[in-house]
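# Working through the structure, step by step
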Amino acid sequence: MTFAATVLTLYPEMFPGPLGTSLAGRALRDGVWRCEAVQIRDFATDKHRSVDDTPAGGGAGMVMRADVLAAAVDSVADTRPLLAMTPRGAPLTQARVRALAAGPGAIILCGRFEGIDERLFAARAVEPVSIGDYVLSGGETAAIVLLDACIRLLPGVMGAASSGDEESFESGLLEYPHYTRPAEWEGRTIPEVLRSGDHAKIAAWRKRQAEDDTRSRRPDLWERYSGARDQSPSGAQAKRKDER
Ligand code: SAH
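### Here's the deal with the sheet that holds strand β2 (residues 33-39)
The strands that make up a sheet pair up through hydrogen bonds in the backbone, lying either parallel or antiparallel. In space, the 5 strands of this open sheet follow the order β2-β1-β6-β5-β7, with parallel pairing throughout. Of all strands in the sheet, those bounded by a partner on one side alone are β2 and β7 (127-130). With direction set aside, neighbouring strand axes in the sheet form an average angle of 35°. The pairing of strand β5 (residues 82-91) with β7 spans 5 bridges and is classified as parallel. Paired with Ala 84 across the two strands is Pro 128, which belongs to β7. Of the strands in this sheet, β1 (3-9), β2, β5, β6 (105-110) and β7 are in contact with helix α5 (residues 139-151), which crosses β6 at around 165°.

Structure representation (structure tokens):
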């Protein structure tokens, strides 16, 4: 099954952009996924082809018109999930990415200016998605991030590398740190255990590192992870062991 991405944007020339190179680019050429960029302005109805207007209630900037966006959405709508990139959306997670990658694709609406007339979200059941707590100039780069995260999970795109459940976020933890040759570099060595050949010891060390780094770098993830762990019977045991 081909993962079909349709992006609604004022800048269709931004697609596939960086997704046309490397693994995603090869997958695109191989037909693992498709990328269609639709010019929103083609759905404007007035003679100036306007897609935006001043904000109701006043304030700076312009707002994208619901009527024009709805016409653009309606021209491509099918059974695929319909997403809009917006900092007001639910933060994108690996779990949501996995679910999207397992489906038929996505229709992605990219905002510009101050954003999108709020009425569109309810009128067309649009899922608002954020890629993080910062503000971009437009939804296109956010859409590229979302698509990149999905495409690398499509069957055959990454080979074995993406199938592992050890990657950051898959287990609720950050991944453990990586090292490669040379064994010594600028006086720094690779942790001895990684060169021991003892797979059980290596696995234990990696788990410990993943937990320590998550605890110190991402207390938000750690809280969720350790909370879930403490609730499971084996988790409670693990916790008691930690505390000894
Ligand atoms: N005034 C808005 C920001 C508009 S930025 C606010 O304060 O919420 C212009 C467009 O960039 C948005 O419509 C959205 O499509 C995109 N964008 C900006 N930041 C984003 C983010 N963190 N995640 C997803 N899309 C984002």
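Further notes follow.
### Description of the packing of helix α3 (residues 94-101) against α5
Contact geometry for α3 and α5: axes closest at 8 Å, N-to-C directions at 70°. Between α3 and α5, the crossing angle belongs to the class labelled roughly perpendicular. The handedness of the crossing between α3 and α5 is right-handed. Counted together, Val 97, Leu 100 and Ala 101 of α3 and Leu 146, Ala 149 and Cys 150 of α5 form the full contact between these two elements.

### Looking at helix α7 (residues 219-231)
With 13 residues, α7 ought to run about 18 Å at 1.5 Å a step, and its terminal C-alpha atoms sit 18 Å apart, in line with that. Of all the positions in α7, only Leu 221, Trp 222, Tyr 225, Ser 226 and Arg 229 are classed as buried. Projected down its long axis, α7 carries its buried residues within an arc of 115°, all on one side. Among the exposed residues of α7, those pointing more than 90 degrees away from its buried face are Glu 223, Arg 224 and Gln 231.

### Describing the pattern of salt bridges
Should the charged atoms of two oppositely charged side chains come close, the side chains can pair. Under the criterion given, the structure shown has 17 salt bridges. Taking the shortest distance from any N to any O, the salt bridge between Arg 80 and Asp 78 comes out at 3.0 Å. On the basis of relative accessible area, Asp 78 is assigned to the partly exposed category, the value being 45%. With a shortest N-O distance of 2.9 Å, Arg 218 and Asp 220 are connected by a salt bridge. Taking the relative accessible area as the measure of exposure, Arg 218 reaches 29% and is therefore partly exposed. With a relative accessible area of 39%, Asp 220 lands in the partly exposed category. Salt bridges linked by common partners bring Lys 207, Glu 211, Arg 229 and Asp 230 together as one network.

### Quick notes on the pairing of β2
Pairing geometry for β1 and β2, over 7 bridges, is parallel. Opposite Thr 6, over in β2, you have Glu 36 as the bridge partner. As a crossover connection, the stretch from β1 through helix α1 (residues 22-29) into β2 is right-handed.

### Topic: the site of the ligand
Looking at the ligand, there are 19 residues lining it, with Met 85, Gly 111, Gly 132, Tyr 134 and Leu 136 nearest. Measuring from an oxygen atom of the ligand, one finds a backbone N or O atom of Gly 111 at 2.9 Å. Measuring from a nitrogen atom of the ligand, one finds a backbone N or O atom of Tyr 134 at 2.8 Å. The element best represented in the shell around the ligand is β5, accounting for 3 residues. Grouping the constituent residues of the shell around the ligand by class yields 9 nonpolar, 8 polar and 2 charged.

### Overview of unusual backbone geometry
In this chain, Phe 15 is followed by Pro 16 through a cis amide linkage whose omega measures -5°. Among the structural elements, Pro 16 can be located in the loop between β1 and α1. Positive phi is not limited to glycine here, since Phe 113 has a value of about 60°. By the element assignment, Phe 113 lies in the loop between β6 and α4 (119-123). Under the relative-accessibility criterion, Phe 113 is labelled partly exposed at 39%. A positive phi angle, near 50°, is found at Glu 186, a position not held by glycine. When you line up the elements, Glu 186 lands in the loop between β8 (184-185) and β9 (188-189).

### Focus: α3
Burial in α3 covers these residues: Gln 94, Val 97, Leu 100 and Ala 101. Looking down the long axis of α3, one finds its buried residues gathered within 120° of arc, a one-sided arrangement. Packed against the buried residues of α3 are β1, β5 and α5.

Rules and cut-offs
By convention here, each chain's residues receive numbers from 1 onward along its written sequence. At least 70 in pLDDT is required for a residue's local features to be given in this predicted model, at least 80 for side-chain atom pairs to be given and counted, and no such filter applies to totals for whole chains, interfaces and linings, which use all residues. Values reported for side chains reflect all heavy atoms of the structure, with hydrogen atoms and water molecules removed beforehand. Strand pairing follows a simple DSSP-based rule, namely that at least 2 bridges must link the two strands. Counting from the N terminus, the helices are DSSP H or I runs at least four residues long and the strands are E runs at least two residues long. Axes, fitted as lines to C-alpha atoms, cover a helix only where it is in contact. Angles between the N-to-C directions of the axes lie from 0 to 180 degrees. Residues are treated as being in contact if the distance between any of their heavy atoms lies within 4.5 Å. Any angle from 65 to 115 degrees is called roughly perpendicular, while one under 35 is roughly parallel, one over 145 is roughly antiparallel, and all others are oblique. Crossing handedness follows the turn of the near helix against the far one: under a right angle anticlockwise gives a left-handed crossing, and clockwise gives a right-handed one. Under the convention used throughout, the expected extent of a helix is 1.5 Å for every residue step, that is, one less than its residue count. For the exposure calls, accessible area comes from a 1.4 Å probe over protein chains only, and a residue counts as buried if that area is under 20% of its type's maximum, exposed if over 50%, partly exposed in between. Arc definition: it is the arc formed by the directions from the helix axis to the C-beta atoms. Put simply, a salt bridge is a Lys or Arg side-chain nitrogen that is within 4 Å of an Asp or Glu carboxyl oxygen. When the strands point away from the viewer, a crossover counts as right-handed if the path from the first strand over the helix to the second runs clockwise. A single heavy atom is enough: if one lies within 4 Å of a molecule or strand, its residue is considered near that molecule or strand. In protein, a polar contact means a hydrogen-donor-capable atom and an acceptor-capable atom, both N or O and within 3.5 Å, with residues adjacent in sequence counting only if both atoms are side-chain atoms; elsewhere, any N or O pair within 3.5 Å suffices. Polar here means any residue other than Ala, Val, Leu, Ile, Met, Phe, Trp, Tyr, Cys and Pro, which are nonpolar, and Asp, Glu, Lys and Arg, which are charged; Gly is therefore polar.

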